[in-house]
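Breakdown of the fold
If you want the building blocks of each chain, they are given just below.
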Amino acid sequence: MREPVVNESVSETIADFEDSAREEPAAPQTETPQETQPEESAPEPAEITFDEQFYPARPKALRPIARRRQFFAARPSLEFDGRNPTYVDWLRNQSMLGDANTMARQLSGQASMWQNAYAKPNPRSAVERAPVWFTAYPLSFITKEGQSFLSALGDPELWEAFREIGIRGLHTGPVKLAGGIRGWSQTPSVDGHFDRISMAIDPAFGTEEEFRRMCEVAVDHEGTIIDDIVPGHTGKGADFRLAEMNFRDYPGIYHMVDIPEEDWHLLPDVPEGEDSVNISPETEKALQQAGYIIGRLQRVIFYEPGVKETNWSATRPIVDTTGKTRRWVYLHYFKAGQPSINWLDPTFAGMRLVVGDALHSLLDLGTGALRLDANGFLGVEKSAEEQPGWSEGHPLSEAANQLIGSMIRKVGGFSFQELNLTIDDIKAQSESGPDLSYDFITRPAYHYSLVTGDTEFLRLTLKLSMEIGVDQASLVHALQNHDELTYELLHFAAGHREDVFELGGEELTGAEIAEKVQETMRERLTGENGPYNAVFTTNGIACTTVSFIMAALGIQDPDAITKEQEAQVLDAHVLLSMYNALQPGVFALSGWDLTGVTALDREKVRELTFQGDTRWINRGAHDLMGTSPDAKTSLAGMPRARSLYGSLPEQLKDPKSYAKRLQEILRVRETSGIATSTLLDVPDVSNRGLLVLVNQLADGALEVTVLNFSDQDIAGSIQSSHLVPGATVHDLFSGEDITQVDDLHSFFLELGAFQGTALLLKDPVEETETSE
């Protein structure tokens, strides 16, 4: 039995979790301390003793190792700047750029680097390797007593359950050291470990050996581990501190500008105890007019008055290695603790750092794929006078993504991007970059369909995607992840805001459509209709899949939910799973989905949400395998959330459970080849609650997915010009032939509320030949 944390706030517990085992900012622990290696020297390649069957894409010559860092038993109390050579050397031995340089020298000139095709993305190959993903979140994962997060993810029993259900990929989320360094101490992450400062695994999540063991167990069960890289920014770790000191080419990692002392009067003072301060729009304009920065960008992500009013911050004065005092202004698309990487600096230091991090994950740790975080913001450029700088959809982002995606493919891996931009931008970034993209195109649209019982907007987004040329098989179609239910709809709200579309019998601009959808979602999912959910800034709704469904169904009090309502929630959850799974591409889901978790009472996470980050209510702790039934919190201190479905072992014994119904959906998906099919048509429908997808399988046969997003039974005609008259309609779930396509290229079908099916069309000519 695990006792709950006593007399500690949730935020303090999570901070302690992030700080645990990190009194020393240096990371990987070694049994025998080694001497510090100069940055210019590289170690001899290590003798490889691991079993290569676990790493089929990793030849012996391609397993570089990062440097083992030096620990200091007693640290001298000297200046934390360039005047202290001991401090500078200490930072160098933790820097990501230093590790990247060391690894690069071990890989250069190796014949093994030329054994894989890399020029073009290959989404269907990626989907074949890992068609269904589980997305983990370390802070919310309840483990056995004394078990680390990575050890739990490498448990063979978990992978047996995954294999039984049909899950073959596991996205770990970021687990490397993150946050910052101040003096000799490490500061906690400011953005869920997406402010990486090291290639080392954070001891709070486990060890490097546990990570490698997890990769081995996954391969044993025909699975793949998917890790994260962050090409857009780092945290304020050793690399940033060395950049502040103007040490060698470290300033080239970042978008940072040295402001001469004679112009420091343009900069705001840094508050006591802080290392930087966000500049005001007025200061931003003054620095732009002085010729230092490009000024205002297209938008300010995470805008908050008095906290982040621009994308630029100014550092405190700091002495560099020559004794000169400097102040810098640096770019951060996200939070101040996430300085943006410069992909077009003459040193190419930022590029080397990111590529080195990717190669470390794939070749040293043993992962098979990488997620590229925030990879649409890799280029900025000055625009015309009084216009915001060009910072989204920039060609440099496309070029950088091509380099990253190509390098990953070159060593046998694949990649995906979580790119919330317009459909055009997603198409452009996918031409030669990552193999897969997160489905920000239809994700808010299918949520809107369930809320309204009308699929017209969903059909519009699918058709636009087809017209622009985005292959559905190149998308990761997901249920919940650790973020909010995003409804920014940037295709409509930004890139095509003035274009006119038809929706609901009206002609509306893109901006009007975005506002209509967003307002409807806010009204139906929060406030009186969904008091357990919350708006998250301008991005979307903080909720779990279950709490979203509850609000969509009009359930206002989760504690008073009836068995009949629970069954309806389950049906709707299965329907959303069918939408994401019964189409081309990857299907992804989380532990919150698998266990049917509801949103946390915001009072339980008040210390985490009081500054406006409401997403913590959708990150409740869950016990996926039922190993710690008495645990009140996760190891990180996240409160345990209510689970409607129970653990996987319990569900796999119940044929009516979510996991067993999901297993049947994934069986149909796997045996029919839907994951690698091609979307041919999204036809108009006879009932507004219906959605019909016509997919062409690899063997040329047609599969038709039909879903009912309404709470009413539907009987109607399914029609598409692709349907061949006389073809037999075969239900892939029941295994029965149910009807035939008529001369109008249609057939009649009945579906219950929140029900769906997958149908295979048997060509009449082939059937005749078979019978003869």
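Residues numbered from 1 in each chain as written. Predicted model: local features only at pLDDT ≥ 70, side-chain atom pairs only at ≥ 80, totals over all residues. Heavy atoms only, no water.

Notes on the pairing of strand E30 (residues 756-762)
Selection criterion: Partly exposed describes any residue whose relative accessible area lies between the buried limit of under 20% and the exposed limit of over 50%, with all areas from a 1.4 Å probe on protein chains only and scaled to the type maximum. Going along the chain from the N terminus, every DSSP run of H or I of four or more residues is numbered as a helix, and every run of E of two or more is numbered as a strand. By this definition, two strands are paired if DSSP reports at least two bridges between them.
Among the seven residues of E30, five are classified as buried, and the element is accordingly described as predominantly covered. As paired elements, strand E25 (residues 702-708) and E30 share six bridges and run antiparallel to each other. The residue bridging Val704 from the neighbouring strand is Leu759, located in E30. Where strand E27 (residues 728-731) meets E30, four bridges bridge the pair, whose relative direction is antiparallel. The residue of E30 that forms the bridge with Thr728 is Lys762.

So, the environment of Ala290
The residue Ala290 is located in the loop between helix H9 (281-289) and strand E10 (312-315) in this model. Residue classification places Ala290 among the partly exposed positions, given a relative accessible area of 41%. Placed 27 residues apart in sequence, Ala290 and Asp263 show a C-alpha to C-alpha distance of 9.1 Å.

Focus on the confidence of the model for the protein chain
Low pLDDT marks stretches whose predicted atomic positions should not be read closely. Threshold: The predictor's confidence in any single residue is recorded as pLDDT, a number from 0 to 100. Throughout, a contact is declared for two residues whenever any of their heavy atoms are within 4.5 Å.
For the protein chain, the mean per-residue pLDDT works out to 90, and 89% of the residues sit at or above 70. Counted against residues more than four places away or in other chains, residues 1-8, with its pLDDT under 50, gives 18 contacts. Considering only residues more than four positions removed or in separate chains, one finds that residues 18-61, a stretch of pLDDT under 50, has 94 contacts.

So, the pattern of salt bridges
If charged atoms from side chains of opposite charge come close, those side chains can pair. Spelled out, the test is: A carboxyl oxygen of Asp or Glu within 4 Å of a side-chain nitrogen of Lys or Arg is what we treat as a salt bridge.
All chains considered together, the criterion is met by 41 salt bridges. Residue Arg212 is joined to Glu209 by a salt bridge in which the shortest nitrogen-to-oxygen separation is 2.6 Å. Here Arg212 pairs with Glu209, and both are found in helix H7 (residues 208-220), just three residues apart, close to one helical turn. As a salt-bridge pair, Asp483 and Arg615 come within 2.9 Å of each other at their nearest N and O atoms. One end of the pair, Asp483, is in the loop between strand E16 (475-478) and strand E17 (485-486); the other, Arg615, is in the loop between helix H20 (606-609) and helix H21 (648-651), and 132 residues separate them in sequence. Of the two residues, Asp483 and Arg615, neither departs from the other in class, the shared state being buried.

Overview of the packing of aromatic side chains
Short version of the rule: Here the aromatic set is Phe, Tyr and Trp, taking the six-membered ring for Trp, and pairing holds for ring centres within 6.5 Å; pairs whose planes are under 30 degrees apart are stacked, those over 60 apart are edge-to-face, and all others are tilted. Here, a charge over a ring is recorded when the distance from Lys NZ or Arg CZ to the ring centre is within 6 Å and its angle to the ring normal is within 35 degrees.
This model, assessed by the stated rule, comprises 26 aromatic pairs. Ring geometry for Phe149 versus Phe205: centroids 6.2 Å apart, planes at 65 degrees, classification edge-to-face. Here Phe149, found in helix H5 (residues 149-153), pairs with Phe205, found in the loop between strand E6 (196-201) and H7; they are 56 residues apart in sequence, far enough to count as distant. As far as the burial class goes, Phe149 and Phe205 line up, both buried. Ring centres 5.3 Å apart and planes at 45 degrees place the aromatic pair Tyr333 and Phe377 in the tilted group. Residue Tyr333 is located in the loop between strand E12 (325-331) and helix H10 (349-365), and its partner Phe377 is located in the loop between strand E13 (369-373) and helix H11 (395-410); the two are separated by 44 residues in the primary sequence. When its relative accessible area of 5% is taken as the criterion, Tyr333 is described as buried. You can call Phe377 buried: its relative accessible area is 10%. These aromatic residues form a ring-pair network of at least three members: Phe302, Tyr333, Phe334, Phe377 and Phe536. Note that Lys410 overlies the ring of Trp114, its terminal NZ or CZ placed 3.5 Å from the centroid. If you follow Lys410 out to its NZ or CZ, it ends over the ring of Tyr118, 5.4 Å from the centre.

Quick word on the sheet that holds strand E7 (residues 224-229)
Definition in use: For helices, the fitted axis covers only the stretch in contact; all axes are lines through C-alpha atoms, and the angles between them, taken along N-to-C directions, range from 0 to 180 degrees.
Taking strand neighbours around the barrel as the criterion, the eight strands line up as E1-E2-E7-E13-E14-E15-E16-E22 in a closed arrangement whose pairing is parallel. Along the sheet, successive strands turn relative to each other by an average axial angle of 30 degrees, direction set aside. Pairing between strand E2 (residues 169-171) and E7: three bridges, direction parallel. Note that in E7 the partner of Gly169 across the bridge is Thr224. Where helix H6 (residues 156-165) meets the sheet, it contacts strand E1 (132-135), E2 and E7, and its direction lies at approximately 125 degrees from that of E2.

As for the sheet that holds E17
One open sheet accounts for three strands, arranged E17-E21-E20; its pairing is antiparallel. With one partner strand each, in any of the chains shown, E17 and strand E20 (534-536) form the two edges of the open sheet. Summarising the sheet, E20 and strand E21 (residues 540-542) pair through three bridges and their orientation is antiparallel. In the strand pairing of E21, Ala534 is matched with Ala542.

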